[in-house]
Amino acid sequence: MTATHHHGAPAAMPPSQSTPAWKLLLTLALAGALSGWLVVSVYKVTLPAVQKYAAEQVNAAVHEVLKAPARWDTLYLVGNTLTRTAPAKPDLADIPKAFVGFDASGRRLGVAVTAAEPGFQELLTLMIGFEPPTGTVIGFKVLDQKETPGLGDKIERDTAFGGQFAGRMAPLTGVKGRAGKPPSEVQTITGATISSRAVIRIINNAIAKWRPLLEAWDREGAR
Amino acid sequence: MTAVASGPPVTAPEFVPGAPPPASLAADVWRGISRENPVLVQFLGMCPTMAVTNTLANGFAMGIATLFVLVCSGLLVSLFRKYIAHEVRITAFILIIATFVTLADMILAATFPTISKALGPFMPLIVANCLLLGRAEAFAAKVGPVRAVADGFGMGMGFTLSLSLLSAIRELLGRGSLLNHDLLGPRFEPWVFMVMPPGGFLTLGIALLGLAFIIEIRRRRARRAA
């Protein structure tokens, strides 16, 4: 090629014999197979821990929003009706569920459901406990939120805000600057008005959606 | 940069164009922490630097996850450097990096689910951190596995320390706490904007200013001594 054979000079000449295509394919195929195998192995190892954590989260949330029920039943929403039998779907996590909680004497305490709607900037997921006959809120818990740290995320940490909901009746309305009056007012958090209103909206919508379903379930159970 | 096909094995003693000059292992580690710090000097990985340094736990976890990926991908890239053809090296490097990022993501989700939730999409986005492909291409692909691991560890430590510093400042001023422990008491009104995106830029700017100041003082001292 060039006459100058400088050892360290930037060699701009194209590689004289390029690697054959089958070799490139083989390299990438082997690398892909190896990485796929690694990912699947670690996924299998970590899956039980991940599922256990998710189940623990749900259990803790049901426990909290229904004020420590002695036990609870799980109802699955299939189509437009509730059923006690789990549908034969691969992933039960995606099916909407209602957790019906009872105290030690078998009296029904209320029902817990999860609901997700946009908050200030991302989907806000709550678990909501309420009494279906009256629409009275028992409590709520934030399962997932990406609200502004220090402002909107107070909906999760501000106990004064979270504490107001117990005993209030849906549909709730948010008020600013003064204490919320019974039966259905709650005071929004200063600096987190939008996130507070999102919580109120999600609770109202969830109760409006689940009440008729649960009433229908009660009628059929009574029949 | 002089990128040349590693191609078929050549009989000449190992000469890799653009290879880093020989150095002790300690120097390989120390470089990433100090003179070539990924965040404060090279300005790599700015996206996670801004996004997840709102609390110390998040910044530290992101740093450690990146360190894990840097060390593992550096080791693999170095081990396979002679078998990865020049034409597909970027694809192969990214594949290796993506694999370890996925592993780190899954391991974190199984061990520290709350931190994993807080880091959210930024965990899988480590793949797109220039630091990783940069070290694979510029260093790990050109040296033996021991040096590659040392370099990955140093760069990872540099990344972790920088992120921890930034996130400690932001959490302390923005929430009055460190690692969720209240430090400044109830009378301190948190500077909320510090944990929001503008606070990230401000903190990084001030950190760089401080660094430039230290460098300048050292230079003057050296000049006076000379």
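Look up a bit, the structure's there.
Taken together, the side chains of L34 and W37 of chain A together with L75, L79, F80 and Y83 of chain B define a hydrophobic patch exposed on the protein surface, amounting to about 650 Å² of accessible area. Summarising the element assignment, F80 of chain B is placed in the loop between helix 3 (56-79) and helix 4 (89-111).

Residues M62, V69, F100, L119, M123 and I126 of chain B are the most contacted members of the largest nonpolar core, which totals 40 residues. Secondary-structure elements contributing two or more residues to this core are helix 3, helix 4, helix 6 (130-138), helix 7 (145-175) and helix 8 (197-225) of chain B. Counting residues per element, this core draws most heavily on helix 4 of chain B, which supplies 10 residues. When neighbours within four sequence positions are excluded, F100 of chain B is seen to be in contact with F68, V69, C72, S73 and L76 of chain B. Core analysis: the next-biggest nonpolar cluster, separate from the first, contains 34 residues, V100, F130, A192 and I203 of chain A among them.

The parts lose accessible area when they come together, and the size of an interface is often stated as this lost area. Taken together, the contact pairs 27 residues of chain B with 28 residues of chain A. Roughly 2400 Å² is buried in total at the junction of chain B and chain A, and carbon and sulfur atoms are behind 77% of that figure. In terms of surface lost to chain A, no three residues of chain B exceed E87, M106 and K117 of chain B, which account for 20% of the buried area on that side. The interface formed by chain B and chain A holds one salt bridge in total. For the salt bridge of R175 of chain B with D153 of chain A, the shortest nitrogen-to-oxygen distance reads 3.1 Å.

Residues and elements named next belong to chain A. Read across the sheet, six strands follow the order 2-1-3-4-5-6 without closing on themselves; strand pairing throughout is antiparallel. Since the sheet does not close on itself, it has two edges, and those belong to strand 2 (81-83) and strand 6 (136-144), each with one partner. Taken over all neighbouring pairs, the strand axes of this sheet differ in orientation by 30° on average, direction set aside. Here three bridges tie strand 1 (residues 71-78) to strand 2, and the two strands are oriented antiparallel to one another. The partner of L77 across the bridge, within strand 2, is L82. Docked against the sheet, helix 1 (residues 21-65) engages strand 1, strand 3 (97-102), strand 4 (108-118), strand 5 (123-131) and strand 6, running at close to 155° with respect to strand 6.

Residues and elements named next belong to chain A. Here Q164 shows up in the loop between helix 3 (159-163) and strand 7 (173-175). Within polar-contact distance, the side chain of Q164 engages the backbone nitrogen of Q187 at 2.6 Å. If we ignore the near neighbours within four places in the chain, the residues touching Q164 are G180, V186 and Q187.

Another point: empty space enclosed by the protein. Residue and element names in this part refer to chain B. Enumeration over the complete set of coordinates arrives at one cavity of 30 Å³ or more. Its boundaries defined by the atoms lining it, the largest cavity holds a volume of some 50 Å³. Lining the largest cavity are L70, S73, G74, L132, R135, A136, A140, A148, D151 and G152. Elements with a contribution of two residues or more to the lining of the largest cavity: helix 3, helix 6 and helix 7. By residue class, the composition of the lining of the largest cavity is five nonpolar, three polar and two charged.

Contact geometry of helix 1 of chain A with helix 4 of chain B gives a least axis separation of 9 Å together with a crossing angle of 5°. Between helix 1 of chain A and helix 4 of chain B, the angle falls in the class roughly parallel. Contacts between helix 1 of chain A and helix 4 of chain B involve L28, A31, G32, S35, L38, V39, V42, Y43, T46, A49 and V50 of chain A from the former and T91, A92, L95, T99, T102, L103, M106, I107, A109 and A110 of chain B from the latter.

All right, on to the pattern of salt bridges then. A side chain with one charge can pair with a side chain of the opposite charge if their charged atoms come near. Residues and elements named next belong to chain A. Enumeration over the complete set of coordinates arrives at 19 salt bridges over all chains. A salt bridge links K146 to D144, with the shortest nitrogen-to-oxygen separation between them at 3.6 Å. Its relative accessible area of 30% is what places K146 among the partly exposed residues. Across the pair R157 and D153 runs a salt bridge, and its minimum N-O distance is 3.1 Å. By relative accessible area, which is 47% here, R157 ends up partly exposed. The exposure class of D153 is buried, given its relative accessible area of 6%.

Scoring rules and cut-offs
- Residues numbered from 1 in each chain as written.
- Chains lettered and ligands numbered in written order.
- Predicted model: local features only at pLDDT ≥ 70, side-chain atom pairs only at ≥ 80, totals over all residues.
- Heavy atoms only, no water.
- Patch = residues over 30% accessible without salt bridge, like charges linked within 9 Å, V, L, I, M, F, W, Y side chains within 5 Å.
- Areas by Shrake-Rupley, 256 points an atom, 1.4 Å probe, with all protein chains shown as cover.
- Salt bridge = Lys/Arg side-chain N within 4 Å of Asp/Glu carboxyl O.
- Helix = DSSP H or I, 4+ residues; strand = E, 2+ residues; numbered from the N terminus.
- Core = buried A, V, L, I, M, F, W, Y, C linked by side-chain atoms within 4.5 Å.
- Buried < 20%, exposed > 50% of the residue type's maximum accessible area, 1.4 Å probe, protein only.
- Contact = heavy atoms within 4.5 Å.
- Buried area = accessible area lost by both parts, 1.4 Å probe.
- Pairing = 2+ DSSP bridges.
- Axes fitted to C-alpha atoms, helices over the stretch in contact; angles between N-to-C directions.
- Polar contact = N/O pair within 3.5 Å; in protein donor to acceptor, adjacent residues only side chain to side chain.
- 1 Å grid on protein atoms, 1.4 Å probe; cavity = no way out; pocket = protein on both sides within 12 Å on 5 of 7 lines; lining within 4 Å.
- Points joined across faces, edges and corners; volume = space filled by probe spheres on them.
- Nonpolar A, V, L, I, M, F, W, Y, C, P; charged D, E, K, R; others polar.
- Parallel < 35°, antiparallel > 145°, perpendicular 65-115°, else oblique.

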